[in-house]
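# Commentary on secondary and tertiary structure
Take a look at the letters that make up each chain.
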Amino acid sequence: MKKPGIKSIAIVALLFAAIQLNAQYQLSGKVMEKSEPASPLPAANVVLTTPDSVFVAGMTSDASGSFQFKNVSAGNYLVTVSCLGFSSKMLVLNGISQSINLGEIYMEEDVTQLEGVTVSASNTVAKTDRLIVFVTDQQKAHSSNGVNLLATLQLPRLTVNPLTNAVTLPGDELLEFCINGVKVEAGDIRALQPKDIIRVEYLDNPGMRYGNTSVVINYILKRETTGGSGNINLSNALTTGFAEAQAAFRVNHKKSEFGANYSLHYRKPTDVWADEERTFHFEDGSSMTRFSKGSAGDLREEYHNISLNYNLLDDNYYFNATARFSGMYEDKVRYSSQYTSLNPNNMTQVRDGGNSRQYLPSLDLYYFRSLKNRQSLILNMVGTYIHSTLERKYEETAAGQLISDIWSNVAGRKYSIIGEGIYEKLFENSGRFTAGLKHTQAFADNDYAGTENALAKMNQAETYVYAEFAGKKDKFGYTGGIGLSRSRAQQEGESEYTTYTFRPKLTLQYNFTPQTFLRLRGEIYNSVPSLSDLSAVEQYIDTLQIIRGNPDLKPNLNYSTNLLLNWKKGIYGMNLNVNHVFSPDVVMEEIVRENGKFIHIGENQTNRQKLNNELTFSAGPFQKYFMVSLTGGMNYYVSHGKNYFHTHTNFYVRTQVMAMYKKWTGVFQLNTPNDNLFGETLNGGENMHLFMVSYNGGKYTAGAGIMLPFSDRYERISKNYNRYMPVKTSMYANDFARMIMLQFRWNFDFGRKVKSENKRLNNSDTDSGIVRTDR
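Residues numbered from 1 in each chain as written. Predicted model: local features only at pLDDT ≥ 70, side-chain atom pairs only at ≥ 80, totals over all residues. Heavy atoms only, no water.

## A closer look at the overall build of the protein chain
Regarding its fold elements, the protein chain presents six helices and 47 strands. Against the 2.2 N^0.38 benchmark of 28 Å for 775 residues, the protein chain shows a C-alpha radius of gyration of 30 Å, consistent with a compact globule. Once the C-alpha set of the protein chain is aligned to its principal axes, its extents read approximately 125 × 55 × 45 Å. Counting all 775 residues of the protein chain, 50% fall into the buried class. For the protein chain, contacts bridging at least 24 residues in sequence account for 64% of all contacts bridging at least 6. Total accessible area on the protein chain is roughly 34,500 Å²; 57% of this is exposed by carbon and sulfur atoms. Within the protein chain, one finds 80 positive and 75 negative side-chain charges whose respective centroids are separated by 9 Å. (Helix = DSSP H or I, 4+ residues; strand = E, 2+ residues; numbered from the N terminus. Rg over C-alpha atoms; globule rule 2.2 N^0.38 Å. Buried < 20%, exposed > 50% of the residue type's maximum accessible area, 1.4 Å probe, protein only. Contact = heavy atoms within 4.5 Å. Areas by Shrake-Rupley, 256 points an atom, 1.4 Å probe, with all protein chains shown as cover. Lys, Arg positive; Asp, Glu negative; His and termini not counted. Charge placed at Lys NZ, Arg CZ, Asp CG, Glu CD.)

## Some details on the packing of aromatic side chains
For the structure shown, the criterion picks out 29 aromatic pairs. Plain terms: the ring middles of Phe242 and Phe736 are 5.7 Å apart, the flat faces sit at 80° to each other, and that makes the pair edge-to-face. Placement of the pair is Phe242 in strand S18 (residues 241-253) and Phe736 in the loop between strand S46 (727-733) and strand S47 (739-756), with a sequence separation of 494 residues. With respect to class, Phe242 is no different from Phe736; both count as buried. Seen from the ring of Phe242, Arg267 lies directly overhead, with NZ or CZ sitting 3.6 Å from the centre. Above the face of the Phe427 ring, Lys425 is positioned so that its terminal group lies 5.7 Å from the ring centre. (Phe/Tyr/Trp six-rings, centres within 6.5 Å; stacked < 30°, edge-to-face > 60°. Lys NZ or Arg CZ within 6 Å of the ring centre and 35° of its normal.)

## Observations regarding the side chain of Asn231
Residue position: Asn231 is located in strand S17 (residues 215-237). A polar atom in the side chain of Asn231 sits 2.7 Å from the side chain of Gln246. Discounting residues that sit within four places of it in the chain, Asn231 has contacts with Ala191, Gln193, Gln246, Ala247, Ala248, Arg745, Trp746, Asn747 and Phe748. (Polar contact = N/O pair within 3.5 Å; in protein donor to acceptor, adjacent residues only side chain to side chain.)

## Details of the sheet that holds strand S36 (residues 597-604)
Read across the open sheet, the four strands follow the order S31-S32-S36-S35; overall the sheet is mixed. Edge positions in the sheet fall to strand S31 (538-540) and strand S35 (587-594), since each has one partner strand and no second. Strand-to-strand twist of the sheet, defined as the mean angle between neighbouring strand axes without regard to direction, takes the value 25°. Sheet topology note: the S31/strand S32 (residues 545-548) ladder contains three bridges and is antiparallel. Counted as the bridge partner of Tyr540 is Ile546 from S32. (Pairing = 2+ DSSP bridges. Axes fitted to C-alpha atoms, helices over the stretch in contact; angles between N-to-C directions.)

## Let's talk about the pairing of strand S25 (residues 401-426)
When strand S24 (residues 375-398) meets S25, the two strands line up antiparallel, connected through 24 bridges. Note that in S25 the partner of Leu377 across the bridge is Tyr423. Direction of pairing for S25 relative to strand S26 (residues 432-450): antiparallel, over a ladder of 19 bridges. Opposite Leu426, over in S26, you have Arg432 as the bridge partner.

## Observations concerning the nonpolar core
Counting residues in hydrophobic clusters, the biggest one holds 32 residues, and the most contacted among them are Leu150, Val200, Ile217 and Tyr219. Those elements that place two or more of their residues in this core are strand S11 (131-134), helix H4 (146-153), strand S14 (175-179), strand S16 (197-203), S17 and strand S39 (645-661). Apart from residues no more than four positions distant in its own chain, Val200 is found in contact with Leu131, Ile132, Val133, Val135, Leu149, Leu150, Leu153, Ile217, Asn218 and Tyr219. Judged by nonpolar contacts, the second largest core, of 20 residues, contains Val79, Val81, Cys83 and Phe86. (Core = buried A, V, L, I, M, F, W, Y, C linked by side-chain atoms within 4.5 Å.)

## Digging into the environment of Lys699
One can find Lys699 in the loop between strand S43 (688-696) and strand S44 (700-707). Along the chain, Lys699 and Gly241 lie 458 residues apart, while their C-alpha atoms are 28 Å from each other. A distance of 3.2 Å separates the side chain of Lys699 from the side chain of Asp749, its partner in a polar contact.

## Quick word on the sheet that holds strand S3 (residues 45-49)
Strand order in the open sheet made by the four strands is S4-S3-S6-S7, with antiparallel pairing throughout. Pairing within the sheet leaves two strands with one partner each, and these edge strands are strand S4 (55-60) and strand S7 (86-96). Averaged over all pairs of adjacent strands, the angle between their axes in this sheet comes to 15°, without regard to strand direction.

## Some details on the environment of Ala63
Along the chain, Ala63 turns up in the loop between S4 and strand S5 (66-73). Once the C-alpha coordinates of Ala63 and Gln138 are considered, the two residues, 75 residues apart in sequence, prove to be 8.6 Å apart.

## Some words on H4
Because each turn of an α-helix spans 3.6 residues, side chains separated by three or four positions in sequence point in the same direction. With eight of eight residues buried, H4 is to be regarded as a mostly interior element. Within H4, burial applies to Gly146, Val147, Asn148, Leu149, Leu150, Ala151, Thr152 and Leu153. By the N-cap criterion, in which a side-chain oxygen at the helix start approaches the backbone nitrogen of a residue two or three places on, H4 is capped by Asn145, the distance to Val147 being 2.8 Å.

## Examining unusual backbone geometry
Looking along the chain, the bond that leaves Gly620 and enters Pro621 is cis, with omega of 5°. The topology assignment puts Pro621 in strand S37 (residues 607-622). For Asn71, which is not a glycine, the phi torsion comes out positive at approximately 55°. Structurally, Asn71 is set in strand S5. For Asn71, a relative accessible area of 61% puts it in the exposed group. A positive phi is found at Leu708, a non-glycine position, where the angle reads about 50°. By the secondary structure assignment, Leu708 is in the loop between S44 and strand S45 (714-720). The exposure class of Leu708 is buried, given its relative accessible area of 1%.

## Thoughts on a nonpolar patch on the surface
Together, Phe476, Leu506, Leu508, Tyr510, Phe512, Leu518, Leu520 and Leu563 make up an exposed nonpolar region whose accessible area comes to about 660 Å². Of all the elements in the fold, those that place two or more residues in the nonpolar patch are strand S29 (497-513) and strand S30 (516-527). Per element, the largest residue contribution to the nonpolar patch is four residues, and it comes from S29. Looking at the secondary structure, you find Leu520 in strand S30. By relative accessible area, which is 41% here, Leu520 ends up partly exposed. (Patch = residues over 30% accessible without salt bridge, like charges linked within 9 Å, V, L, I, M, F, W, Y side chains within 5 Å. Salt bridge = Lys/Arg side-chain N within 4 Å of Asp/Glu carboxyl O.)

## Focus on the side chain of Asn556
With respect to the helices and strands, the residue Asn556 is situated in strand S33 (residues 556-569). Sequence-distant contacts of Asn556, defined by excluding residues within four places in its chain, comprise Tyr525, Asn526, Ser527, Ser583, Pro584, Asp585, Val586 and Val587.

## So, the confidence of the model for the protein chain
Interpretation of the predicted coordinates at a detailed level should be avoided for regions scoring low in pLDDT. Chain-level statistics for the protein chain give a pLDDT mean of 86 and a share of 91% at 70 or above. For residues 754-762, every residue scores under 50 in pLDDT, and the model assigns this stretch 57 contacts once sequence neighbours within four places are set aside. (pLDDT = per-residue confidence, 0-100.)

## Topic: the pattern of salt bridges
Under the counting rule described, the total for this entry stands at 31 salt bridges. Close ionic contact of Arg190 with Glu244 constitutes a salt bridge, the shortest N to O distance being 3.3 Å. Of the two residues, Arg190 is situated in helix H5 (residues 186-190) and Glu244 in strand S18; the sequence distance between them amounts to 54 residues. For Glu244, a relative accessible area of 7% puts it in the buried group. Residues joined in a network through salt bridges with shared partners are Asp129, Arg130, Arg199 and Glu201.

Here it is in structure tokens:
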């Protein structure tokens, strides 16, 4: 038998090596927190690279801490495991030639990384100003965009409507969205693909740079280094004119990213009307009640938003430029049959309303620079132009004859610029110092024509300087800051005002356990009258009512105190939030009588108080299939004017049940009205319930839902308790009851490699500054 030669042996060896190189293996393991007892660590970043740091694959550990890489070729690799608050670990794997289970990888807490952070064994990190939620694969799999992802996170005090993609807070609290720190609109959040989201930062105690905002929700995204992605999102009602649409695209080239986004908001119901009962108490002692029985009106809302974005990321700096254009088109005409208590047989027909248009281009420039010794500098400049037109007609006819005709046309132009600079320094002892200067300058030129003619030219400016320090010692965390603002406003031909406001803020937090903390916050901030409130202009509402601006208004202070207790153990959680705001000299409406007319005018009233208590229980997911949250709340209002005193107590409930099975998701929500009393007007909240089911096919998501399935109409009630002119208005919409919605979303991407970056400012201007009578 002939012995194989060297050449044959070499060929066999090469064939064997080729087979080995083409073989595909699995690499798995489990990330654990080193504690007593040891527990799984979800949402840890696990990255697989070659020995020369070429990226191969990456993922996050699941709820049990497990991870698994599939289709790994034979060869040498590095596995790096990292998680915020823990020391990173690197495993060297040489000569992989079979599937390997790395077993349990234990992570130790790194105090130097925490900088005031409390890390729990869940996917949530608690800081003195925010909750940081690392999004799990399960949460991403049961979400189609950045808005409905929030529903899976069970964030406190937040209501997410999966049908309309609306996100709200209780009462009149302000909410802002950011993407990598950049202030964006809800349409931009709907454009996000859940798989691109690294984490969500829920700032329920935002720093002094955010002003009067109650909550900031910041999405931190993966940074593409090549390739691109895009999506199309469609939502439409089958039974009425109710739609949302969005298309977005991003592409990367080296260190640059280019993005474009378009969103549409459309409403055109056909069966909307309002009934009203308004009583007039005249100066001569007589009274009259006017009854209005509404009929189907003309209502159309159409909002278009376009944004073009460019950003450049380097090791030490980040530059972002965003150009936006918003177009708003509204047609609102109400029809009613009207009679009075003095002459109930004399019926008149009323047409009230018109159209408004607004065009808002803006340019946002942002620059972040990392300096040595853990220092950084941020510069931001935003320029905005707002062009507004408002045309309104009020007509009364009797027996086909015109008996009242009021017409107004407003053309408004507003120019504003916002500039801000922020310096930040991080310390080794978990401390952080921040100082900033922000200036806002606005000019408005409004032309009022019609029944009353006027020209209003106004200047408004505000300068805000602040400094803030945050630190941590053992289980105790604190944040303290002081600010000073200077506000100035003047209408041409009128006297100006200039006020200075001292704005301190202090937050104290104690962490009983990594998942339970108590936080107390106190702050003073100011509220500045809008340009429309300050305009020395009056416009007719109807034959008996006039709305008038007041150039003598002054800014007011707000004293806010908040107590928060957050508890979580396993899949169970509880959140107790108590918030009190006392506002002396607050600007609220007054109704006065002059020459048989009733004048609506803003005044610096005595004070307003609001006490809000909320208790939320949450649980889940049970076996990855079921989550539930239940909130009970109470609002107590005191509205103290110079000539009135009103109180109101409102109890409300919010509940959400979410079921998840494989690629299916079902959501049920029920919310009772959350009322708001401001001045003498009580606005009743929504009584809402809905159900939705969706299927996530990966690249696409399809869903269907129904709003108010157990009601025959949508209803909102408002009241005014003025002693001269009390009124009750009931608004109805049959279209929104049992409204069936269909949703579809398609995501696509190509050639993606990722990295994350953060931009941390959120300046904008959307106040047009015109006096409106279409109330």
